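# A look at the structure
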Amino acid sequence: MSDFELLDPSGLPIGGSFGAAGAANAADPLLEGLNPSQERAVVSRGPALLIVAGAGSGKTRVLTHRIAHLIRGREAWPSQILAITFTNKAAAEMRERIGDLLGGAAEGMWVSTFHSACVRILRRESERFGYVSGFTIYDSADSRALLKRIIKDTDAASYGFTPANASSKISKLKNELLDASAFRTTMNDADPRDRLFAEIFTMYDQELRRANAFDFDDLIGQTVQLFRAHPDVAAVYQRRFRHILVDEYQDTNHAQYSLIRELTRPTDPEQTMRLTPPARAAELDDNGVIPAASLTVVGDSDQSIYAFRGADIRNIVEFERDFVGAEVVKLEQNYRSTQNILSAANAVIGNNFDRQEKNLWTASGDGEKIVGFTGYSQHDEARFVAEEIEDLHRQGLAYGDVAVFYRTNSQTRALEELLIRSAIPYRVLGGTKFYERAEVKDAMAYLTSIANPYDPITWSRLLGAPKRGIGPMAEAHLAIFQEAHDLSFHEAMARAAEVPQLGPKLRGSVLALADMLARATQMAVGGGTTDVEGDEAQPAPVGDVLKLILDETEMIEKLRAKRDPQDDARAENLEELLAVAREFDVKHPGAGLIAFLTEVSLVAAVDDLDDTSGTVSLMTMHTAKGLEFKAVFITGVEEGLLPHQMSVDETGGINEERRLMYVGITRARERLYLTLASTRATFGDISAAMPSRFLQEIPEGLVHWRQSPGEVTSRGGTQSRALNAPRGTGGGYAQRPSRDSSVAFGGPSQGSSAALQEPSNGNMQSALEKWRERKRLAKEAQASGGGFPNTIALGARDNSSLALAAGDRIKHDQYGPGRVTAITGEGTKRVAHVVFDSVGERKLLVKLAPIEKITE
DNA sequence: CGCAGCAGGGTTTTT
DNA sequence: CCCTGCTGCG
């Protein structure tokens, strides 16, 4: 809230003064080193600006310089800037960089995510619409917990509703700014499922309100509603934010778009007169209102990968139509990747027909070829990744410069296993996040409940953790009492003696818990009403409050007392949580509990990416957006995975997957690896995997296959990988001066005349030949309506009829001889467990494995 | 009420 | 395979 005070009423600059920015002199440090497009994007002034920023084109630089330029030129106070980024980490970086550019004069800027900005507004204005400032933010697990209760109460499960599908449906609607009553007007009244869903939706929102809680989508949607329902509030923010900048605009959804629209309206004439402090003449335009804020958006429709979350690509495609007078600046020079990487990216994305043409180029030379590798299994693939990372490391590349990407979080398992075995330091971003772990949520529930003692989900959680004999029955009696007397849950517990259904033992537990919560609450708010007069107490540090809770509940001790080693890890997580809280106290002294809870609720996966950690980073390609690494491994480049099976039926699904692939490729600066496996275990059983169609879209000359799909699925060669060890001088990272322009901007692979440059043995040639043959067959099969080539037909090997039993000796093309220890599964999914003389145990899909029976 | 043991079901991506 | 939820027993 201090930001408002920083808005100096006496020195307010004139909004929308279009100074002679174009005449900036060349020595301007803010423009130095920028290319003409970048410079234009920095100095352009007008109502709206769209910066079409291809991958790696320096958009962050442009954004930060643009903001610094505005501030330094006294066109805006820092407090008049609202910059929206995709993650908190990006926000922190941007703030820091602007601070550096300006020498620290960036106080008062709002640089944050949509969600953080909205929470800030909602906390400040919550009383307006019946919420309390300490409202809880429900994460998706909380939402589902609430929905679970509702679905149970309405018996909706028999109509096929689950917490997960109801939650996603509600989320979709909220992203479109539709509430339950809006749904009612559009639904099919004759459909009982629709009517029931409307009921669930209504109850869900009612319960949220009663709990003084918002879900993720509400944060945006309710802020929009707030502005629409309260023009006086809207006017305050419209007046304040004179320059609004939005990064990753291609991934905004309708609610976010609407928020931007509300913020970039001229103030309502009626409200303009009521502003405090009153608007000065310089702020007003000829119509007597404060003119619309200037809007800058940055994005790349080729990197739109969040349609599933409601992102609407039209927001960026139709920007010029939407915001009249908009200028468009295209940034097409890439400063990140080598030409080979860029050519691959361009070739892939070129297959999306419905895009605006863009022509990314670089001046940095071809660089190394892309390396391809096909493993026999995901295990084999992971082993390649681990070995290759070790090679790169030996060549002098830091672990922190390496990232491994995958489509689904479940793919981490095999990768982690091999990285651990190879003693490669790594960290996994995203996945089951720290704050989603049960024990962390348990501890957090106490803090959340202190901030919002009306929240039933949180309260219910803390009752049961740790176990203290208070079960569902006791909970229900207390909840009924709470509701009947219109109390908070904490007050209800303090009066447990008035609940006759509770026995003496239970009553004791409840009262003890209530007492502990009361003391913790007292600490958190800073003394409260019973405080000694004149001695104003400060709110205790969050860490102290958490310490009290952990001590009194003995959560850590109880975990330590168990024998399960998993519980040791859980205890450590709680200690970690305490450390996080202490760190927060140091970083934000006196900020208080609610600030801590807000921060925790809104952390994103990359927010805890520590660039200095010196570890390999594992993450999904979604999480990778906006990041870059010297060496990138994209794993699991298979049909069914990338593109994901779930997306192939969805309209536009494949195109979105292709954009995802594009995002992945363009993260790489110097080295790119594309890996896949010919078999993949999903759920326990193993099935055959086909190379992704995206691989076929990359011109062949760009990729050096260490082991091609053909070699693995047909009886190809087993060339020693040692023979193909990275060439070149020992330095490893020297870029080759040669440029092979024939592959630059190559379209889809067919017709590419680029000859294989690798010293290939005939083996490799024929393997590639075979793969090409299979590609053609696959294409034909697809064209003839045969569906997608994700079965193992098409001339691959077929061992289905190979009779194998435990005890048999076999020979594998790569692993050599080994002994079968067991056969599991049936038919095409028959799996041989084999102990090889060379590499130990492997599981092989009999149908596909390059094996034959041998006799000793 | 709490725990252990079992059956069944689920596969995308996330602020 | 893994996590969840349910059941049945102490």
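What you see is a predicted model, and the numbers here were worked out from it, not measured in a lab. (Residues numbered from 1 in each chain as written. Chains lettered and ligands numbered in written order. Predicted model: local features only at pLDDT ≥ 70, side-chain atom pairs only at ≥ 80, totals over all residues. Heavy atoms only, no water.)

### Thoughts on the overall build of chain A
- Across its full length, chain A carries 32 helices and 22 strands.
- Looking at chain A as shown, the accessible area adds up to about 37,100 Å², and 52% of this sits on carbon and sulfur atoms. (Helix = DSSP H or I, 4+ residues; strand = E, 2+ residues; numbered from the N terminus. Areas by Shrake-Rupley, 256 points an atom, 1.4 Å probe, with all protein chains shown as cover.)

### Concerning the packing of aromatic side chains
- Counted by the stated rule, this structure contains 17 aromatic pairs.
- The interplanar angle of 40° and the centroid separation of 5.6 Å between the aromatic rings of tyrosine 306 and phenylalanine 308 together place this pair among those described as tilted.
- In this structure tyrosine 306 comes out as buried when scored by relative accessible area, which is 8%.
- We classify phenylalanine 308 as exposed; its relative accessible area is 54%.
- The ring of tryptophan 110 carries arginine 120 above its face, with NZ or CZ at 4.2 Å from the centroid.
- Of note, arginine 261 hangs over the ring of phenylalanine 323, and the distance from its end group to the ring centre comes to 4.3 Å. (Phe/Tyr/Trp six-rings, centres within 6.5 Å; stacked < 30°, edge-to-face > 60°. Buried < 20%, exposed > 50% of the residue type's maximum accessible area, 1.4 Å probe, protein only. Lys NZ or Arg CZ within 6 Å of the ring centre and 35° of its normal.)

### Re the pairing of strand 9 (residues 370-375)
- Counting buried positions along strand 9 gives six out of six residues, so the element sits mostly inside the fold.
- Here strand 9 shows a buried face lined by Ile370, Gly372 and Thr374 and a second buried face lined by Val371, Phe373 and Gly375.
- Note: strand 9 against strand 17 (residues 703-707), four bridges, orientation parallel. By the bridge assignment, isoleucine 370 is partnered in strand 17 with valine 703. (Pairing = 2+ DSSP bridges.)

### A closer look at helix 9 (residues 192-210)
- Spanning 19 residues, helix 9 covers 27 Å between terminal C-alpha atoms, matching the ideal 27 Å at 1.5 Å per step.
- Looking only at helix 9, the buried set comprises Asp194, Leu196, Phe197, Ala198, Ile200, Phe201, Tyr204, Glu207 and Leu208.
- Summarising the contacts, the buried residues of helix 9 are in contact with strand 4 (136-138), helix 6 (140-154), helix 7 (163-175), helix 8 (180-186), strand 5 (213-215) and helix 10 (216-229).
- N-cap assignment for helix 9: the residue whose side-chain oxygen lies 2.8 Å from the backbone N of arginine 193 is aspartate 191.
- Downstream of helix 9 by one or two residues, asparagine 212 has phi in the positive range, about 55°. (Expected span 1.5 Å × (residues − 1). Contact = heavy atoms within 4.5 Å. Polar contact = N/O pair within 3.5 Å; in protein donor to acceptor, adjacent residues only side chain to side chain.)

### Quick look at the protein's contact with DNA strand B
- Taken together, 26 residues sit near DNA strand B, with Arg407, Asn409, Gly469, Glu650 and Phe683 positioned nearest.
- Per the 4 Å cut-off to the protein, sugar and phosphate atoms form 49% of the nearby atoms of DNA strand B.
- One nitrogen or oxygen atom from the side chain of histidine 115 is found 3.2 Å from a base oxygen belonging to DNA strand B.
- Taking threonine 620, its side chain carries an N or O atom lying 3.0 Å from a phosphate oxygen of DNA strand B.
- No other element matches the three residues that helix 21 (residues 472-484) contributes to the surface near DNA strand B.
- For the surface near DNA strand B, the residue count by class is ten nonpolar, ten polar and six charged. (Near = heavy atom within 4 Å. Nonpolar A, V, L, I, M, F, W, Y, C, P; charged D, E, K, R; others polar.)

### A look at the sheet that holds strand 2 (residues 81-85)
- Sheet architecture is open: six strands sit in the order 3-2-6-7-1-8, paired in parallel fashion. Among the strands making up the open sheet, the edge pair consists of strand 3 (110-113) and strand 8 (326-331). Direction aside, neighbouring strands of the sheet carry axes that sit 15° apart on average.
- Sheet analysis places strand 1 (residues 48-53) next to strand 7 (residues 294-299), joined by five bridges and oriented parallel. What sits directly across from leucine 50, in strand 7, is valine 297.
- Running over the sheet, helix 4 (residues 88-102) touches strand 2 and strand 3 and is turned about 160° from strand 3. (Axes fitted to C-alpha atoms, helices over the stretch in contact; angles between N-to-C directions.)

### So, the confidence of the model for chain A
- Of the residues in chain A, 81% reach a pLDDT of 70 or more, and the chain-wide mean stands at 79.
- When pLDDT is averaged over each element of chain A, strand 13 (residues 629-634) comes out on top at 96 and helix 1 (residues 2-6) at the bottom at 35.
- Low pLDDT (under 50) marks residues 1-25, which in the prediction has 38 contacts with non-local residues, meaning those over four places away or in another chain.
- Note on residues 528-535: pLDDT is under 50 here. Beyond four places in sequence and across chains, it has three contacts. (pLDDT = per-residue confidence, 0-100.)

### Here we look at the domain arrangement of chain A
- For chain A, the assigned domains read domain 1 (50-127 + 220-331), domain 2 (138-211), domain 3 (339-433 + 607-698), domain 4 (436-596 + 727-786) and domain 5 (799-854).
- Taking only C-alpha atoms into account, the centre of domain 2 sits 37 Å from that of domain 3. (Domains from an automatic or database assignment.)

### Things to note about the pattern of salt bridges
- Counting across every chain of the model gives 46 salt bridges.
- Among the ionic pairs, lysine 174 bridges to aspartate 215, the shortest N-O distance being 2.9 Å. Note that lysine 174 is positioned in helix 7 and aspartate 215 in strand 5, a separation of 41 residues in sequence.
- A salt bridge links arginine 693 to glutamate 639, with the nearest nitrogen and oxygen atoms 3.0 Å apart. (Salt bridge = Lys/Arg side-chain N within 4 Å of Asp/Glu carboxyl O.)

### Some remarks on helix 5 (residues 114-125)
- For helix 5, with twelve residues, the first-to-last C-alpha span of 16 Å sits near the 16 Å given by 1.5 Å per residue.
- Of all twelve residues in helix 5, ten are buried, a share of seventy percent or more.
- Among all positions of helix 5, only Phe114, Ser116, Ala117, Cys118, Val119, Ile121, Leu122, Arg123, Arg124 and Glu125 are buried.

### Some points on the packing of helix 20 (residues 456-464) against helix 21
- At a minimum axis separation of 11 Å, helix 20 and helix 21 run at an interaxial angle of 140°. Along this stretch, helix 20 crosses helix 21, giving a crossing that reads as right-handed. Mapping the contact onto sequence places Trp459, Ser460 and Leu463 in helix 20 and Glu475, Leu478 and Ala479 in helix 21. (Left-handed = near helix turned anticlockwise from the far one by under 90°.)

### Re the sheet that holds strand 11 (residues 426-428)
- Strand order in the open sheet formed by seven strands is 11-12-10-13-14-9-17, with parallel pairing between adjacent strands. The open sheet has two edge strands, strand 11 and strand 17, and neither has a second partner. In this sheet, neighbouring strand axes are inclined to one another by 20° on average, regardless of whether the strands run parallel or antiparallel.
- As paired elements, strand 13 and strand 14 (residues 668-677) share five bridges and run parallel to each other. Bridged to phenylalanine 629 within strand 14 is alanine 668.
- Against the sheet, helix 17 (residues 378-394) engages strand 9, strand 10 (402-406), strand 12 (616-620), strand 13, strand 14 and strand 17, with an angle of about 155° to strand 14.

### Some remarks on the side chain of arginine 680
- Within the secondary structure, arginine 680 sits in strand 15 (residues 679-682).
- Within polar-contact distance, the side chain of arginine 680 engages the side chain of glutamate 381 at 2.9 Å.

### Remarks on the packing of helix 19 (residues 438-451) against helix 20
- Two numbers describe how helix 19 lies on helix 20: the axes approach to 8 Å, and their chain directions differ by 120°. Classified by the angle their axes make, helix 19 and helix 20 are oblique. Taken as a pair, helix 19 and helix 20 cross one another with a handedness that is left-handed. Judged by residue contacts, Ala438, Lys441, Asp442, Ala445, Tyr446, Thr448 and Ser449 of helix 19 engage Thr458, Trp459, Arg461 and Leu462 from helix 20.
- Of the residues contributing to the contact of helix 19 with helix 20, the split by class is five nonpolar, three polar and three charged. (Parallel < 35°, antiparallel > 145°, perpendicular 65-115°, else oblique.)

### Brief notes about the UniProt feature "domain: UvrD-like helicase ATP-binding" (unreviewed entry) in chain A
- Mapped onto this numbering, the UniProt entry gives "domain: UvrD-like helicase ATP-binding" (unreviewed entry) at residues 32-338.
- Taken end to end, residues 32-338 is 49% helix and 12% strand, and its two terminal C-alpha atoms sit 24 Å from one another. (UniProt positions renumbered as here; feature names shortened; annotations may be inferred.)

### Notes on the pairing of strand 14
- Within strand 14, eight of the ten residues are buried, leaving the element largely enclosed by the surrounding structure.
- Two strands pair when backbone bridges link them, and strand 9 and strand 14 are joined in this way by five bridges, in the parallel orientation. Across the sheet, threonine 374 pairs through a bridge with leucine 676, a residue of strand 14.
- Handedness of the β-α-β unit built from strand 13, helix 29 (residues 653-665) and strand 14 comes out right-handed. (Right-handed = clockwise from strand over helix to strand, strands pointing away.)

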